[in-house]
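# What the coordinates show
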Amino acid sequence: MNTLQNTISIMKTLPEADLVKIHDFTKKLSKRHELEAVDEAVGRFLPPKSREDIYRDLEISRKQIEMGQCSSAEEVFNGLEQRYGF
């Protein structure tokens with residue numbers, strides 16, 4: 001018997017509760033793989049930022065907040081709801 005056949009024969013003897021646990025675990029592995037694929041895709045389109053770039057962006061955002069050039073989360077979500085029907 002090969003590995004796949006051995007695995008299938010073992011799984012046939014397992015109770016339903018164990019099969020559910022195995023199923024849930026494989027779903028988590030699949031989701032993790034999907035997230036890694038998305039991260040990799042984003043990395044191809046968005047170049048990594050240096051520490052200096054991040055600090056500069058934070059300083060700019062702080063100044064924008066001080067000058068009132070920002071929107072509350074409620075305003076943003078209301079706008080998204082109106083625009084996209086969320």
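See the structure printed just above.
Described below are features of the structure shown in this document. All residue numbers refer to position in the chain's written sequence, counted from 1. Given that the model is predicted, a residue must reach a pLDDT of at least 70 before its local features are reported, and side-chain atom pairs must reach 80 or more before they are shown or counted; all residues, however, enter totals for whole chains, interfaces and linings. Computation of side-chain values covers all heavy atoms of the structure but excludes hydrogens and water.

### Overview of the overall build of the protein
Summing up its helical and strand segments, the protein has four helices and zero strands in all. Here a strand is any run of E in DSSP of at least two residues, a helix any run of H or I of at least four, and the numbering for each starts at the N terminus. Put simply, the protein runs from its N terminus to its C terminus through helices and strands in the order α-α-α-α. In terms of C-alpha radius of gyration, the protein reaches 24 Å, well past the compact-globule figure of 12 Å for 86 residues. With the C-alpha coordinates aligned to their principal axes, the bounding extent of the protein is approximately 70 × 35 × 20 Å. When the accessible surface of the protein is split by element, carbon and sulfur atoms take 59% of a total near 8,200 Å². We count Lys and Arg on the positive side and Asp and Glu on the negative side, and we leave His and both chain ends out. Working definition for charges: the position is that of NZ of Lys, CZ of Arg, CG of Asp or CD of Glu. Of the charged side chains in the protein, 13 are positive and 15 negative, and the gap between their average positions amounts to 5 Å. The size measure is the radius of gyration over C-alpha atoms, and the globule rule it meets is 2.2 Å times the number of residues to the 0.38 power. Here the open area of atoms and residues is found with the Shrake-Rupley method and a 1.4 Å probe, where only the protein chains shown may cover a residue.

### Describing a positive patch on the surface
A surface patch of like charges, here positive, comprises K27, K28, K31 and R32. Checked against the element boundaries, K28 lands in helix 2 (residues 16-45). Nonpolar side chains (Val, Leu, Ile, Met, Phe, Trp, Tyr) within 5 Å and like charges within 9 Å form the patches, drawn only from residues with over 30% relative accessible area and no salt bridge. Here, a salt bridge means any side-chain nitrogen of Lys or Arg that lies within 4 Å of a carboxyl oxygen of Asp or Glu.

All quantities given are derived from atomic positions and should not be read as evidence of function.
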